[in-house]
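Below, each chain spelled out in residue letters.
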Amino acid sequence: MAFCLEGCHDARMSAPPPHRFLLLVLTAAATGCSTSGTSNKDAHDTSVTGVLDETPVNDTDTDDGVPPPPPVRINELMPANRGSVAGPDGSALDWVELVNLHTEAVDLSGWGLTDDWREPHAAPLPDGLELEAGGRVLLWLDPEGLVDGAVRLGLAREGEAIRLFDPRGEEADLLGYPELGVDEAWARIPDGSGAAEAMPRGTPGDPNARIVVAQVSVVQEGSSWRYLDGGAVPAGGMEGGWTGLDFDDSDWAEGEAPLGYGDAQVTVLDDGATEDGRALTAFFRRTFSLDIEGGAVRDATLGLRADDGARVWLDGQELTRMGLPSGEVGPDTPASRTVSGDGETTYAEESVALGHLTPGTHQLAVDLHQANRTSSDMTFDLWLEVEVLAVDE
């Protein structure tokens, strides 16, 4: 559904509800909008700006004495949920949250949501649904009607206006929203009464709050690492539990990064030289704690200084690899590249998916590989920064 700026009505779309008609006609006259769907301001504007900041209607008795609906408001919505809020059976359904600003509970039987004012009950709410005073309810949306208990309505990601009607067909609320990105929410702050704005994540079931993005450094350049050098292999082998949090590395040495040999390293490693040449692989481990005070990790960036190649692990799962062949890797697997010159001091940055990362203690592990046994140097360091979504205090 599209709307003209300044409340201008486009004749190609549905007419406004009767109680809004006079306001729209007067606005059209004042702004030069025409009922043919063009405007001397922008003949092609189809945004929803005209309804984004509208206040709820029917707050007082109508002219014919009909009492207004109870103050139940569309509080928050998400038109492109891709898993930030898990739905029934783990599904990723779009959703709408309602809030009851009334001092009494409201029975929502017979109420409906719609994106077309001519069909006030196009998407009926579940029978028997009662919203307590001051309470919130999360409504899952399924336009195909395949999910039991979901409201049969779809939200347009490019933006539209959603209306809430009571059983009499009286409009209780209207909330317009613009185009939103994946997992972005449109929320009124404060609940039910404030202006709505886009949020990088939703807060269904909780009071609406402004969400901010913060960068949190969890591992810095030059951090201290446990390491195993000299051609030794972790207990249990390469496929053992050495990458996990429960592995006992108490007999490993410890030193500050950069670690390696042959250049200006802070901690010098044993190159494991034999008559066949230097060892190809060294191993590193570091635990870190994540304390984000109720926030949620959205993304992460890793900076890896690896001469020549490396695999990076987090909590026993491979996170990324650089300069190594695909497939199985062993202690005698050489790197697939040779790093030299400025590359020896460069941190290669890579975005990694860490949305599942929760507060607590985590384990990083790295196996570093040389391109050949005659290499004169080896260097390792790593930093990790996470992007956290948190409530703006």
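Look up: the structure comes first, before these words.
Heads up: these notes are all about the structure in this document. Bear in mind the structure is a predicted one, so any value in this text is a computation, not a measurement.

## Here we look at the environment of Arg 321
Structurally, the position occupied by Arg 321 is in strand β20 (residues 317–322). Each C-alpha atom, one on Arg 321 and one on Ala 310, is 5.7 Å from the other, the two residues being eleven residues apart in sequence. For Arg 321, the residues in contact, after removing those within four places along its chain, are Ala 310, Arg 311, Ser 326, Gly 327 and Val 329. At 2.5 Å, the side chain of Arg 321 and the backbone oxygen of Pro 325 are in polar contact. Of note is the side chain of Arg 321, whose polar atom sits 3.1 Å from the backbone oxygen of Gly 327.

## Describing the pattern of salt bridges
Enumeration over the complete set of coordinates arrives at twelve salt bridges. Between Arg 226 and Glu 254 there is a salt bridge; the shortest N-O distance is 3.9 Å. Placement of the pair is Arg 226 in strand β13 (residues 224–228) and Glu 254 in strand β14 (residues 253–256), with a sequence separation of 28 residues. One salt bridge connects Asp 271 with Arg 278, and the closest N-O pair in it is separated by 3.1 Å. Arg 278 sits in the partly exposed class, given a relative accessible area of 26%.

## Examining the sheet that holds strand β1 (residues 72–78)
Taking strand neighbours across the sheet as the criterion, the five strands line up as β7-β2-β1-β10-β11 in an open arrangement whose pairing is antiparallel. Two strands lie at the open edges of the sheet, namely β7 (136–141) and β11 (196–199), each paired on one side alone. Across the sheet, the mean angle from the axis of one strand to that of its neighbour is 30°, orientation sign disregarded. Relative to strand β10 (residues 185–188), β1 is paired through two bridges, and the arrangement is antiparallel. Residue pairing for β10: Leu 77 is matched across the bridge by Trp 186.

How each quantity is defined
Residues numbered from 1 in each chain as written. Predicted model: local features only at pLDDT ≥ 70, side-chain atom pairs only at ≥ 80, totals over all residues. Heavy atoms only, no water. Helix = DSSP H or I, 4+ residues; strand = E, 2+ residues; numbered from the N terminus. Contact = heavy atoms within 4.5 Å. Polar contact = N/O pair within 3.5 Å; in protein donor to acceptor, adjacent residues only side chain to side chain. Salt bridge = Lys/Arg side-chain N within 4 Å of Asp/Glu carboxyl O. Buried < 20%, exposed > 50% of the residue type's maximum accessible area, 1.4 Å probe, protein only. Pairing = 2+ DSSP bridges. Axes fitted to C-alpha atoms, helices over the stretch in contact; angles between N-to-C directions.

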